[in-house]
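Summary of the model geometry
Spelled out from the first residue to the last, the chains are:
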Amino acid sequence: MFHCKNGYLISVRWSSSIKSIMNEDLPRITCPQKLQKEYQKYQEKQFKQQLLSKKQSRNRGPMVISCKRRNYNYHKGDSFSEYDVQKLVSFGWKNKKRVGDSFSIVPFSDNPSLDIGTDISFSELGINEKLCAGLQEMGIVKPTSIQKMAIPTLLTGNSALCTAETGSGKTLAYLLPTVEWILKHRNSMNMKANSNSPTSVVLTPNRELTEQVMSVAESLTPYSNFFPYSCVGGDRLLKRDVSMPFDMLITTPGALIKHLRTKRVNGYNLRHFVIDESDTLLDDSFISDLHTIFQMLKVQPGNEIQDDVQLLQGTQIILTSATMPVSVNKALEFLPVDNMAKITTQGLHHLQPHVMQKFLRINSQKKPEKLVELVKQSLELNEPTLVFANDNKTSFYLYKLLSDNGITCLRLNSDLNNDQRKGVFQKFKSGFCDVLVATDIASRGLDTTNVQHVINYNFPTFISDYIHRVGRVGRVGVKQTGHVTSFVTEKWDVELVWKIETAARKKGKLAGVNANIKEKLDKESLSENDQFDAVFVEDKKLFN
């Protein structure tokens, strides 16, 4: 009680002393009026900035770059300079401390291959009614951007260089006008298809693309009176009765040279020569074969049309690809490239804006485990998956890795002989198996409309390879766009990622799109020290 009493008395004493102080006249501190106005202006400015930032966040465009570190996120409409390399998510990825980091290029636009703004039909482009009716039966109603641009030009007889983004319908863009010319020549000259002298030759880099182009050509035969035929390495030409003619020969360089040398094919009636996936066939590794073929077929480039019968004189040359080497003029010194029509879509050498693309900075030791995890996730979601490796040895390792983990898969690379390769891609495309492990053989031109997930186990060596691999998803006519996951491991991988992320932020073209297999092989022969020296040189070029 005493302590409580003393405590109570003390509290009373304190309260009384405070009251006495409050009753006294205390000095007043005042603020100058000028300072008050400045402080008021400062508050108003802060309030306006808050409103502006809220308005900007509401009016901000769709997200383009999404990552773990939110301050590196990027929206469509945001400003970015190629010199602001420190703003890249991948800027520090050469440092091992960044292992585990990731970012995604988020879909921010529609498929550029679909020209929604203009409404035009195949008939208006110059395709005959019977073929147009056939296209409608196949569910092809409106032409894509490259088809709108290429078909009228090719119907004039001009030689042309046609480049457009992957999955944009380039095969029909050159097949339809070629078929029109075949029929026109036959009707005007009362010609018949010849068993060894085709009117048209379509050259492709591999068996799989040859079979695919042949399939598209065959789908047009019920609606037009023309005869396509294909042969690849290991096949015998004219296995059927020689009385069965063909107008169009679809083949590969090696097979064509073989049959030219044995006189089973000649260029007497040749009027159209198509080089499909020309960026590959114009490569140092193929250019000599191409030169040989032109000499043996006695190709006479020309686009003159006879006034009396309106038929082609010489050979119409058509180059098509989703990427084109910067040195194309040098590669084609034996062709009049300057006189060829240049047909290019706006999406060429750009990132696919409608495809989700994720980049994972990962250690090489963690890649196998992560691959198995991703593939199993895709199978659970019923997503057919295409896994890319940079070489045959790695593709075989991945095939065994997935198989040993209970995942049924197929393998496609150049180590397989003709019998082993035959039908592999068709099994994958038809749904017989939902996982395919492949090298870049499967990245060029193949119609992978079934693929929903692409995994780059090895990051591609060239930007052009990346473009083609991403093009296996998000193709014209697919219901689900699909997505891409890329493992980024080596320092030289990071350099390409810088270019890709920079292009995404600038909404511009990808830099350095120039595939060259010979250069690739030379690069692989470098020692480890040479590779790091090359990386250092590229670093200086990028940052200085």
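Residues numbered from 1 in each chain as written. Predicted model: local features only at pLDDT ≥ 70, side-chain atom pairs only at ≥ 80, totals over all residues. Heavy atoms only, no water.

The buried count for helix 5 (residues 145-155) comes to 8 of 11 residues, which makes it a mostly enclosed element. Taken together, the buried positions of helix 5 are occupied by S145, I146, Q147, K148, A150, I151, T153 and L154. Positive phi appears at G157, one or two residues downstream of helix 5, with a value of about 95°. (Buried < 20%, exposed > 50% of the residue type's maximum accessible area, 1.4 Å probe, protein only. Helix = DSSP H or I, 4+ residues; strand = E, 2+ residues; numbered from the N terminus.)

Another aspect to go through is empty space enclosed by the protein. To find the voids left in a structure, one rolls a probe of water-molecule size over its atoms. Summed over all chains, the structure comprises 4 cavities of 30 Å³ or more. Roughly 40 Å³ of internal volume is contained in the second largest cavity. By residue class, the composition of the lining of the second largest cavity is 3 nonpolar, 5 polar and 1 charged. (1 Å grid on protein atoms, 1.4 Å probe; cavity = no way out; pocket = protein on both sides within 12 Å on 5 of 7 lines; lining within 4 Å. Points joined across faces, edges and corners; volume = space filled by probe spheres on them. Nonpolar A, V, L, I, M, F, W, Y, C, P; charged D, E, K, R; others polar.)

Next up on the list: the pairing of strand 3 (residues 102-105). Side chains of strand 3 alternate between two faces, with S102 and S104 and F103 and I105 buried alike. With 3 bridges joining them, strand 1 (residues 63-67) and strand 3 adopt antiparallel strand pairing. Among the inter-strand pairings, S66 is bridged to a residue of strand 3, identified as S104. The pairing of strand 3 with strand 13 (residues 356-361) spans 4 bridges and is classified as antiparallel. Across the sheet, the residue bridging to S102 is L360, located in strand 13. (Pairing = 2+ DSSP bridges.)

Within the largest apolar cluster, 81 residues are counted, with the highest numbers of intra-cluster contacts made by F103, L176, L220, F359, L436 and I500. Counting residues per element, this core draws most heavily on helix 6 (residues 170-189), which supplies 8 residues. Membership of the second largest hydrophobic core comes to 27 residues, among which are L270, F273, L281 and F294. (Core = buried A, V, L, I, M, F, W, Y, C linked by side-chain atoms within 4.5 Å.)

Counting across every chain of the model gives 11 salt bridges. R207 is paired through a salt bridge with E211; the nearest N and O atoms lie 3.6 Å apart. Within this pair, R207 and its partner E211 are both found in helix 7 (residues 207-220), separated by 4 residues, close to a single helical turn. Judged by relative accessible area, which is 7%, R207 ranks as buried. Where salt bridges share partners, they join D279, R444 and D465 into one cluster. (Salt bridge = Lys/Arg side-chain N within 4 Å of Asp/Glu carboxyl O.)

What follows is about the confidence of the model for the protein. When pLDDT is averaged along the protein, the result is 82; 79% of the residues meet or exceed 70. In this model residues 1-12 is a low-confidence stretch, pLDDT under 50, and it forms 0 contacts with partners more than four residues away in sequence or in other chains. Here residues 516-544 is a poorly scored stretch, pLDDT under 50, and it has 32 contacts once near neighbours within four places are set aside; other chains count. (pLDDT = per-residue confidence, 0-100. Contact = heavy atoms within 4.5 Å.)

All right, on to the packing of aromatic side chains then. To describe a pair of aromatic rings, one takes the distance between the centres and the angle between the planes. Under the definition given, this model contains 9 aromatic pairs. A centroid spacing of 6.3 Å and a plane angle of 45° characterise the contact between F359 and F459, whose relative ring orientation is tilted. Separated by 100 residues along the polypeptide, F359 in strand 13 and F459 in the loop between strand 17 (453-456) and helix 16 (463-470) bring together distant segments of the chain. Residue F359 is classed as buried on the basis of its relative accessible area of 0%. When the ring of Y457 is compared with that of F487, the centres are 5.9 Å apart and the planes differ by 65°; the resulting orientation is edge-to-face. Of this pair, Y457 sits in the loop between strand 17 and helix 16 while F487 is found in strand 18 (residues 483-488), placing the two residues 30 residues apart along the sequence. Neither residue differs from the other here; Y457 and F487 are each classed as buried. Looking at K367, its charged tip hangs above the ring of Y457, at a distance of 4.5 Å from the centre. Here the guanidinium or amino end of R411 rests over the ring plane of Y399, the centre of that ring lying 5.4 Å away. (Phe/Tyr/Trp six-rings, centres within 6.5 Å; stacked < 30°, edge-to-face > 60°. Lys NZ or Arg CZ within 6 Å of the ring centre and 35° of its normal.)

Contact pair helix 12 (residues 367-380) / helix 13 (residues 392-404): the axes reach a minimum separation of 10 Å and the direction vectors enclose 60°. Looking at the two axes, helix 12 sits oblique to helix 13. Of the two possible hands of crossing, helix 12 and helix 13 adopt the one that is right-handed. In contact with P368, L371, V372 and V375 of helix 12, helix 13 contributes Y397, L398, L401 and L402. The residue makeup of the contact of helix 12 with helix 13, split by class, is 8 nonpolar, no polar and no charged. (Axes fitted to C-alpha atoms, helices over the stretch in contact; angles between N-to-C directions. Parallel < 35°, antiparallel > 145°, perpendicular 65-115°, else oblique. Left-handed = near helix turned anticlockwise from the far one by under 90°.)

Relative to the helices and strands, R361 resides in strand 13. Within the buried set, R361 has no salt-bridge partner at all; the shortest N-O distance to an opposite charge, 7.5 Å, is to D493. A polar atom in the side chain of R361 sits 3.4 Å from the backbone oxygen of T489. Excluding its chain neighbours within four sequence positions, the residues that come into contact with R361 are W93, K94, N95, K96, R98, V99, G100, D101, V488 and T489. (Lys, Arg positive; Asp, Glu negative; His and termini not counted. Polar contact = N/O pair within 3.5 Å; in protein donor to acceptor, adjacent residues only side chain to side chain.)

Running from amino to carboxyl end, helix 8 (residues 253-261) crosses helix 10 (residues 287-297) at an angle of 35°, the nearest separation of the two axes being 10 Å. With respect to the hand of their crossing, helix 8 and helix 10 are arranged in left-handed fashion. On helix 10, the residues touching P253, L256, I257, L260 and R261 of helix 8 are D289, T292, I293, M296 and L297. In the contact of helix 8 with helix 10, the residues fall into 7 nonpolar, 1 polar and 2 charged.

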